[in-house]
Structures are given as structure tokens and as C-alpha cells.
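# Examination of the molecular architecture
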Amino acid sequence: MSAPVEDLLRRHAPQVLGALVRRYGHFDAAEDAVQEALLAAAGQWPAQGVPDNPRGWLIRVASRRLTDELRSEEARRRREESAAALTPRDDFRMPPPGEARHPSEDDTLTLLFLCCHPVLTQPSRIALTLRAVGGLTTAEIARAFLVPEATMAQRISRAKKSLKDAGARFRRPEPAELPGRFTAVLHVLYLIFNEGYTATSGACLRRADLAAEAIRLARAVHALTPGSGEAAGLLSLMLLTDARRDARSGPGGALVPLDEQDRGRWDRGQIEEGVALVSRALTTAALGPYQVQAAIAAVHDEAERAEDTDWRQILGLYDLLERLAPSPVVSLNRAVAVAMADGPRAGLDLLAKLADDPRLAEHHRLDAVRAHLLELAGEPGAARAAYGRAAERTLSVPEQRYLQLRAARLH
């Protein structure tokens, strides 16, 4: 299947699913029908051409598949048995979806809210979002998170059952629920991007499909909520970070740290877009953590050379971020900024305090940062030991090799 057709199918998939769920109210059956329609399109469109109204074509085919399923006796019994537990079927009704009547783009956000329902665990939210909104197959999601396909299928199935048992409906949350649910949506997209940009385990440094999918979905959310500074901030953060992807690895996939990257390989178009997004958000919307993180990324990306980086400005932004959204990772990153602005000893003093935090004590990043600062402070022996500990603790093969090479260089 060609890339344009694949992109088209992924873009329309949540709209088609939203139309069917809104009309029929059966998430499981609707998703199965949409997947069948997508498979049919993948088989027909490359040879026969893309129809004039691709979304209408998918809705029509998926509706036909779902109608056939719902006409079966078994499906009818399931529908009758669940009627009392679910809201009245009228709540799901709308004029029949077809080529002349399209669901609004708003359905994408409604579907994201459903996939990020509070009843679901974080891993389930991520998996269901990638499956239902991102259009990734169960096998693709399983490969991305290094689990067997059967395990991921069970996770997705349990998530759908949890939604059904909770009586979750295809609708926007109540006004009082919106802030928390919207925060959950952004956080899930943030986690998907992070796993794609820097894989936490496995042989690959990054998983390009996950990073690209997170950016695509963040664009959709930003387009649907143009007044949200945090939606703009998240999209900006993703673009500014992803702009460095080609320079992050060298021959054989070896990791290249930020201060050693060839900045000529950074994507200047993405940087310009990201800077414009965060600059506008910072002046027109309430301040939030994603905007501050994007501002930090912008300071890094706008420096022509590593030595030109304005670490004082970055430190000020981390001070702000620590007040807005305190976390061990933020404190760890702030310690790096302190070291670069005030010297490695000042950073090491902060790391000594973080070592008592159980959320960081066994994490490889704490030892990796400590090793780097010890190296800058002129303590090669201690730095070598810290690099070794970090290499033992990481599950990422490229990171492990990088840390081992740093340690070996200090012999």
C-alpha cells in the first residue's frame, strides 16, 4: 500500500469509527467493521483509485459490515441484554452516516476522550488510543512496546470491556470533567511521543511510527482546540524535539548526545513551526507545563552551536517548570541546567539530594547525569563507575552502548 493511501486511511479512521459508535453505540463491533472497511480500501484503492469522497466510502462500507453483524441473532441478543445497563439507545442515534453527511472533525477529540476514560489504566489508554484513534494494528502496537501480540490484544480487549462495564458513552465529558480528561488526552499523546522518540527498551534508539503518530494526533487536537495553550505547547514540544531526530544517531545507530550533534541536520522547518506555536501560546493563553517545556526546547534549537546555548534562560525556565509541575525528572533536568550555568559541582550537589528519591534511585538517568557531571568536574574514576552503573540499568541497547563507550573512554 502506498504511503499517501495509508496516510489517508489513518486520517479518516477515527472519523469513521466516531460516526459508527455515535450511530450504533457498540465500540467493539464498530471498530471491527471499520477495520474491515480499511482493509477493503487498502486492497481496492491502490488499483482502482481513491474515491472522490474517501471518508464517505469508508463510512458506507463499514456501516454495511456493522449492519450485517447487528442483524445476526447473537448480536441482537447481546444488544438487548446490554440495553438496561447502557444509556437509552436514542442517545447514540443520529441520522444514518453516509456520503452526504459526514461526522464533524470534533469526533476525533470525542474518541480520544473515550480512549482516555478515567476507568482505564495508563497502559490501556495508550494502547486503545493507538488502536482506535491512531489506526495502528494490534501487531504494530505490540512490536512498539515489545510485548507479544496476544498480550496486547488482551490489553485492548480488557480496555474495551472496562469501557462497556463502566457505561462509557461516545460523548464529550461534562464541563466539570473536561479539564482533567483533556489533561489525560495530552499526557497520553506525550507518553506515546516519548516512547517513539527515545525507546525505553530494545535494540532501536527510536520508533519512528510512534513519534510520527503522536505528532499527527497532537496536530488534530490542536486544530480542534485552537484556544488551548497546552495543546499548542505539546505540539510545539514534539516538533522542536523531533526536529533533531536525524542528528541523534551516527553510523550503526549509535546515539549522539545533544551537544555533539550536527545541527545542520536539524529540520529547520519544524523548528520554525514549533517556535511560532510556542511563542503565540505564551502570549495568548494561560501558562502550562507543555508550553514551558517547548520554550526550553526552543532555546536549545535556536542555538547555532552547543556552546551558544543560553543556559541561564533554560535554568530560569526549569525553575518555572518545577513550580508548575514538580517531578523528579524535572528536578534532574534542572540539575543539568544548574551545572551548565554554575558549574558541575553545583549540579552534583543537587543530584545528591535526588538520590534519596525512590522514584529516581534505581533509574539509569540519574547515574548517567551524575557520570557526565563527574567527568566535567575532572573525576574520571568516579565518572567511569557511574557510567557503568547507568549502562547496567538501562534497557535500551543504543543507550547501553553509548554509556559503555563513555566509560571506556575514561580508562
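Residues numbered from 1 in each chain as written. Predicted model: local features only at pLDDT ≥ 70, side-chain atom pairs only at ≥ 80, totals over all residues. Heavy atoms only, no water.

When helices and strands are tallied, the protein chain shows 20 helices and two strands. For the C-alpha atoms alone, the extent of the protein chain along its principal axes is close to 75 × 40 × 40 Å. Here the protein chain holds 411 residues, and 50% of them are scored as buried. Within the protein chain, contacts between residues separated by at least 24 positions form 65% of all contacts whose residues are at least 6 apart in sequence. (Helix = DSSP H or I, 4+ residues; strand = E, 2+ residues; numbered from the N terminus. Buried < 20%, exposed > 50% of the residue type's maximum accessible area, 1.4 Å probe, protein only. Contact = heavy atoms within 4.5 Å.)

Let's shift gears to the packing of helix α9 (residues 178-197) against helix α10 (residues 208-224). Taken N-terminus to C-terminus, the directions of α9 and α10 make an angle of 155°; their axes are 6 Å apart at the nearest point. Relative to α10, the element α9 lies roughly antiparallel. Of the two possible hands of crossing, α9 and α10 adopt the one that is left-handed. Facing Phe182, Val185, Leu186, Leu189, Ile192, Phe193, Glu195, Gly196 and Tyr197 of α9, the residues of α10 in contact are Ala208, Leu210, Ala211, Ala214, Ile215, Leu217, Ala218 and Val221. Counted by class, the contact of α9 with α10 contains 15 nonpolar, one polar and one charged residues. (Axes fitted to C-alpha atoms, helices over the stretch in contact; angles between N-to-C directions. Parallel < 35°, antiparallel > 145°, perpendicular 65-115°, else oblique. Left-handed = near helix turned anticlockwise from the far one by under 90°. Nonpolar A, V, L, I, M, F, W, Y, C, P; charged D, E, K, R; others polar.)

For any pair of aromatic rings, the description rests on two quantities: the centre-to-centre distance and the angle between the ring planes. Under the defined criterion, the tally for this structure stands at three aromatic pairs. Summarising the aromatic geometry, the rings of tryptophan 45 and tryptophan 57 are spaced 5.3 Å apart at their centres and angled 70° between planes, so their arrangement reads as edge-to-face. A residue pair is termed long-range when its members are at least 10 positions apart, and tryptophan 45 in helix α2 (residues 27-48) and tryptophan 57 in helix α3 (residues 54-70) qualify at twelve residues. Accessibility classification places tryptophan 45 together with tryptophan 57 in one group, the buried group. For the pair phenylalanine 193 and tyrosine 197, a centre-to-centre distance of 5.7 Å together with 15° between the ring planes defines the contact as stacked. Pair noted here: phenylalanine 193 and tyrosine 197 are both in helix α9, with a separation of four residues, about one helical turn. One exposure class covers both phenylalanine 193 and tyrosine 197, and it is buried. When the ring centre of tryptophan 266 is taken as reference, the NZ or CZ atom of arginine 244 above it lies at 5.9 Å. (Phe/Tyr/Trp six-rings, centres within 6.5 Å; stacked < 30°, edge-to-face > 60°. Lys NZ or Arg CZ within 6 Å of the ring centre and 35° of its normal.)

Topologically, tyrosine 290 is positioned in helix α13 (residues 289-302). On a C-alpha basis, the gap between tyrosine 290 and leucine 235 in space is 8.7 Å, while along the polypeptide they are 55 residues apart.

This part covers α13. Across its 14 residues, α13 extends 20 Å between first and last C-alpha, which sits within 8% of the 20 Å expected from 1.5 Å per residue. For α13, a buried count of twelve out of 14 residues is recorded, marking the element as mostly surrounded by other parts of the structure. Buried within α13 are the following residues: Tyr290, Gln291, Val292, Gln293, Ala294, Ala295, Ile296, Ala297, Ala298, Val299, His300 and Asp301. Residues of α13 that are buried make contact with α9, α11 (229-242), α12 (268-284) and α14 (311-324). (Expected span 1.5 Å × (residues − 1).)

Relative to the helices and strands, isoleucine 141 resides in helix α7 (residues 138-144). You can call isoleucine 141 buried: its relative accessible area is 0%. Once the C-alpha coordinates of isoleucine 141 and leucine 130 are considered, the two residues, eleven residues apart in sequence, prove to be 7.2 Å apart. Beyond its immediate chain neighbours, meaning those up to four positions away, isoleucine 141 contacts Ala127, Leu130, Arg131, Leu136, Met152 and Ile156.

Within the largest apolar cluster, 88 residues are counted, with the highest numbers of intra-cluster contacts made by Leu20, Leu58 and Val221. The residues touching leucine 58, leaving out its near neighbours within four places in the chain, are Leu9, His12, Val16, Ala37, Leu38, Ala41 and Trp45. (Core = buried A, V, L, I, M, F, W, Y, C linked by side-chain atoms within 4.5 Å.)

Across its 14 residues, α11 extends 20 Å between first and last C-alpha, which sits within 8% of the 20 Å expected from 1.5 Å per residue. The element α11 is extensively covered by neighbouring structure, given that 14 of its 14 residues are classed as buried.

Under the criterion given, the structure shown has 24 salt bridges. Linking lysine 161 and aspartate 165 is a salt bridge whose minimum nitrogen-to-oxygen distance equals 2.8 Å. Here the residue lysine 161 and the residue aspartate 165 both occupy positions in helix α8 (residues 149-165), the gap between them amounting to four residues, near one helical turn. Exposure remark for aspartate 165: the relative accessible area of 55% places this residue in the exposed category. Residue arginine 370 pairs with aspartate 367 through a salt bridge whose shortest N-O separation is 2.8 Å. Note that arginine 370 and aspartate 367 are positioned in helix α18 (residues 364-376) at a spacing of three residues, about one turn of the helix. By the burial criterion, arginine 370 is buried, and aspartate 367 matches it. Each of the salt bridges in this network shares a partner with another, and the network as a whole consists of Glu260, Glu375, Arg406 and Arg409. (Salt bridge = Lys/Arg side-chain N within 4 Å of Asp/Glu carboxyl O.)

Our next topic: a nonpolar patch on the surface. A cluster of nonpolar side chains, Leu282, Leu287 and Leu324, forms an exposed patch at the surface whose accessible area comes to about 230 Å². Assignment of secondary structure puts leucine 324 in helix α14. (Patch = residues over 30% accessible without salt bridge, like charges linked within 9 Å, V, L, I, M, F, W, Y side chains within 5 Å. Areas by Shrake-Rupley, 256 points an atom, 1.4 Å probe, with all protein chains shown as cover.)

Our next topic: the state of the cysteines. The final tally for this structure, using the stated rule, is zero disulfides. The thiol sulfur of cysteine 116 is not disulfide-bonded, and the nearest other cysteine sulfur, from cysteine 115, lies at 6.5 Å. (Disulfide = S-S within 2.5 Å.)

Below, the discussion takes up the environment of arginine 206. Looking at the element boundaries, arginine 206 is found in the loop between β1 (201-202) and α10. For the pair arginine 206 and asparagine 194, spaced twelve residues apart in the sequence, the C-alpha separation amounts to 9.1 Å. With residues near it in sequence (within four places) discarded, arginine 206 still touches Gly196, Tyr197, Ala199, Ala211, Asp242, Arg245 and Arg248. Reaching out from arginine 206, the side chain makes a polar contact with the side chain of aspartate 242 at a distance of 3.2 Å. (Polar contact = N/O pair within 3.5 Å; in protein donor to acceptor, adjacent residues only side chain to side chain.)

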